Amino acid sequence: MQYTTLGRTELRVSVAGLGCGGFSRLGLNTGGTEASAIAIIHAALDLGVNLIDTAAPYATEGVVGKALKHVPRDKVVIATKSSVIRGGERYSPERVVASLDNSLRELGVDCIDVFQLHAVAPSGYDYVRDTIVPALLKEQARGKFRFLGITETSPNDLEHQTLLRAVSDGMWDVVMVAFHMMSQNTREKVFPATLQHRVGTLLMFAVRSIFARSDRVAETMKQLAASGQVPQWLADTPEPLGFLVHPGGASSLTDAAYRYVRHEPGVDVVLFGTGDQAHLRSNIESILKPPLPDADRAKLAELFSHLRGVGLVAPPRAASKGAKS
Ligand SMILES: NC(=O)c1ccc[n+]([C@@H]2O[C@H](COP(=O)([O-])OP(=O)(O)OC[C@H]3O[C@@H](n4cnc5c(N)ncnc54)[C@H](OP(=O)(O)O)[C@@H]3O)[C@@H](O)[C@H]2O)c1
């Protein structure tokens, strides 16, 4: 494993972080059991992963707590989240503090390393900053969490407005941001600001669902070619990103997706979610490999840098069964 420093938190974290939400939820969304989810967490720890990201809405904090019961507290960096606005309903500060307290109970710890406010849309940002954060800072002073974080709601914030405001507001030590091969504007919009302010970054959506299966890429290319957003040849081939897979290049679509994001200046931790032990190993291997060749990166920029909103939401069949990603 390789380790880096999570912005100004100075926490030493693995460059690969285990995400406990997404479409898999440690496999709990895809037929896994609590025991298999715990085994995924233990396998990740054995491979050197020391950052685990969960959230109250994922309903995986309890499993994380059980998996970490006998793990020395200083061996793992725990990040979790509370919802703040859901279905148009604004949570009161008391409700968010209650969520924090419940997270501490579920995780079985006295202190959370990074407590994040989940999926904050630009329209809710002022409310969160002015009403929720003051209450949370009191809880932070009581020792319930070490660092405050915020995550964006990517499909509803294609220009990263929430995080751009958050980074310059100064109270957020960590942000969770989306970035992938067809969602590239994070490079110009967000990373220069997080680097300038030394805000730590947790990267989501490297694979999401689009880069988990090549038929989803093919389907997406057909739609984009029909609206003139990508060249027709990308719609006419069953493997539109096949050009990335070659000796000296990526070994697979998912390998390409992880390596694309991992080496971007400004990316601290690449989150990956899985319920599959083989995927866990190959994802960590990919995150530890060198960058994609320059020519392949240039081609991805030429073909896709103008796209917005691609590959951020789930196709209906991949959507989560209950818990939110
Ligand atoms: N706004 C937010 O705060 C927010 C939103 C979304 C996600 N997140 C965080 O980010 C983490 C990552 O979420 P994500 O949405 O980016 O997606 P993800 O959880 O990384 O999902 C990847 C998908 O691809 C599959 N997969 C993983 N490795 C694979 C491989 N090697 N080959 C083929 N398929 C593979 C997984 O299923 P298998 O089980 O089959 O491997 C899963 O369905 C989440 O767990 C969560 O911690 C945060």
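My aim in this report is to walk through the structure given alongside it, one point at a time. Per-chain numbering applies: the sequence of each chain, read as written, is numbered from 1 onward. Totals for whole chains, interfaces and linings use all residues, but because this is a predicted model, local features are given only for residues with pLDDT of at least 70 and pairs of side-chain atoms are given and counted only at 80 or more. Calculation of side-chain values draws on the structure's entire complement of heavy atoms; hydrogens and water are dropped beforehand.

**Here's the deal with the overall build of the protein**
Step number 1: Along the backbone of the protein there are 11 helices and 12 strands.
Step number 2: A contact between two residues is defined here by any heavy atoms of the two lying within 4.5 Å. Long-range contacts, defined here as pairs at least 24 residues apart, represent 77% of the contacts in the protein between residues at least 6 apart.
Step number 3: What sets the accessible areas is the Shrake-Rupley method with a 1.4 Å probe; for residues, cover comes only from the shown protein chains. For the protein, the computed accessible surface area is about 13100 Å², with 52% contributed by carbon and sulfur atoms.
Step number 4: The sign given to each residue is positive for Lys and Arg and negative for Asp and Glu; His and the chain ends receive no count. Charge coordinates come from a single atom per side chain, which is NZ of Lys, CZ of Arg, CG of Asp or CD of Glu. Looking at charge distribution, the protein has the averaged site of its 35 positive side-chain charges lying 2 Å from that of its 33 negative ones. The way it works is that DSSP assigns letters per residue, a run of H or I at least four long becomes a helix, a run of E at least two long becomes a strand, and they are numbered from the N terminus.

**Digging into the pairing of strand S8 (residues 112-120)**
Step number 1: For the exposure calls, accessible area comes from a 1.4 Å probe over protein chains only, and a residue counts as buried if that area is under 20% of its type's maximum, exposed if over 50%, partly exposed in between. Of all nine residues in S8, eight are buried, a share of seventy percent or more.
Step number 2: Sheet analysis places S8 next to strand S9 (residues 145-152), joined by six bridges and oriented parallel. Residue pairing across strands places Gln116 opposite Gly149, the latter belonging to S9.
Step number 3: Look down the strands so they point away from you; if the path from the first strand over the helix to the second goes clockwise, the crossover is right-handed. What joins S8 to S9 is helix H4 (residues 125-141), and the crossover it makes is right-handed. Following DSSP output, two strands are said to pair if at least two bridges run between them.

**Quick look at the sheet that holds strand S12 (residues 269-272)**
Step number 1: Read once around its circumference, the closed barrel built from eight strands follows the order S3-S4-S5-S8-S9-S10-S11-S12, with strand pairing classed as parallel. Taking the axes of each pair of neighbouring strands and ignoring which way they run, one obtains an average angle of 25° across the sheet.
Step number 2: Relative to strand S11 (residues 200-204), strand S10 (residues 174-178) runs parallel, the two being bridged by five bridges. Pairing of Ala178 across the sheet is with Met204, part of S11.
Step number 3: Between the N-to-C directions of two axes lies an angle of 0 to 180 degrees, each axis being a line fitted to C-alpha atoms and, for a helix, fitted only over the stretch in contact. Contacts between helix H3 (residues 93-107) and the sheet are confined to strand S5 (77-83), S8 and S9, with S8 contributing the most and set at about 130° to the helix.
Step number 4: Of the strands in this sheet, strand S3 (16-19) and S12 touch helix H10 (residues 277-288), which is tilted by about 160° from S12.

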